[in-house]
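# Observations on chain architecture
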Amino acid sequence: MLTWLEPGLYYLDYGPMQMTISAFCRQQPLDQDIMEAVGYAKNLLAELASCIKVAKLPAGTIKRCPTSPAILAMMIDAVQRCPDPTLTPMAAVAGAIADCVAELLVQRGATKVIINNGGDIALRIAEGESVKVGIAPDLNNNSVSHFIEIDSTSKVRGIATSGLGGRGLTKGIASAAVILSENCRIADACATLVANHIFSPDPEIKQVRAEELDPDTDIYGHLVTAALGKLQPKTWQQALQNGLAQARKVLEQGLISGAILFVGGQLAAVPEELLSRVLPISNNN
């Protein structure tokens, strides 16, 4: 189902895809081009469905095939660049589709594009344009409390969030791990990676096999977090430090521009100076 929200902004609810599409050319809404982008997004989903078995394989076991759909190749490339061979291409699916739709709209003349695919956001911003992106500190309620402004001089073109309570499963305990990167598919994969590392053993953390929560999971047999009890402060602190260490690693590898982590009521970022750009939302913003 496609819903018109306002000029230049639509909401698509189609199978597993819930996407908002916003596109403008110097303040002019591109409604007709968005219609074309909607059909394109649906086609991408169909292409992916035809090779879903490969998309659910661990990245370390996949050999590239020149006949694979372009969307799958993008997903494979994203996860194979991450330092975790157990990630599957599905860790980058939302980001890859968002990137493809954003690029189509740029080709149609858009100077500002925002594709929000279930919380994973692809941005395309021409010279002189900027956007404010809301940040939710807790995926269980998805209420936005902060924002970050991205302009045309920034290299950030993808922002993705993972954590406990999100659409996917996580091995960690973060309420939200927000990743900024050069595109949305890399941000998506790295958000999964970093969120998985925000963990420290504690008897109050309930973990189960992934298939117990989702029979169609792509990480069959992996332990994922199902619920949290009353955790010790040292558990939260160690989990946060583990997440920050992983975020620094992928930052040093050039995969991400930054990470914003919400863990046990704490807010932290990599690099630390990124915190100055994460602003609380007020009535004036």
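Quick caveat, the model's predicted, so the values are computed rather than measured. (Residues numbered from 1 in each chain as written. Predicted model: local features only at pLDDT ≥ 70, side-chain atom pairs only at ≥ 80, totals over all residues. Heavy atoms only, no water.)

### Description of the pattern of salt bridges
Here the structure, examined in full by the defined rule, presents seven salt bridges. Between Glu129 and Lys112 there is a salt bridge, with the nearest N and O atoms lying 3.9 Å from each other. Of the two residues, Glu129 is situated in the loop between strand 6 (120-125) and strand 7 (130-135) and Lys112 in strand 5 (residues 112-117); the sequence distance between them amounts to 17 residues. The class of Glu129 is buried, set by a relative accessible area of 6%. Members of the salt-bridge network, linked through shared partners, are Asp99, Glu103, Arg124 and Arg185. (Salt bridge = Lys/Arg side-chain N within 4 Å of Asp/Glu carboxyl O. Helix = DSSP H or I, 4+ residues; strand = E, 2+ residues; numbered from the N terminus. Buried < 20%, exposed > 50% of the residue type's maximum accessible area, 1.4 Å probe, protein only.)

### Re the packing of helix 1 (residues 31-49) against helix 4 (residues 93-107)
Contact pair helix 1 / helix 4: the axes reach a minimum separation of 10 Å and the direction vectors enclose 145°. As for how helix 1 packs across helix 4, the hand of that crossing is right-handed. Of the residues in helix 4, those touching helix 1 at Asp33, Ile34, Glu36, Ala37, Tyr40, Ala41, Leu44, Leu45 and Leu48 are Val93, Ile97, Cys100, Val101, Leu104 and Leu105. Grouping the amino acids of the contact of helix 1 with helix 4 by side-chain chemistry returns 13 nonpolar, no polar and two charged. (Axes fitted to C-alpha atoms, helices over the stretch in contact; angles between N-to-C directions. Left-handed = near helix turned anticlockwise from the far one by under 90°. Contact = heavy atoms within 4.5 Å. Nonpolar A, V, L, I, M, F, W, Y, C, P; charged D, E, K, R; others polar.)

### Focus: the pairing of strand 14 (residues 266-270)
Both strand 13 (residues 256-263) and strand 14 contribute to a ladder of five bridges, which runs antiparallel. The residue bridging Ala259 from the neighbouring strand is Val270, located in strand 14. Hairpin connection between strand 13 and strand 14: a loop of two residues separates the two successive antiparallel strands, and Gly264 in this loop has a positive phi of roughly 55°. (Pairing = 2+ DSSP bridges.)

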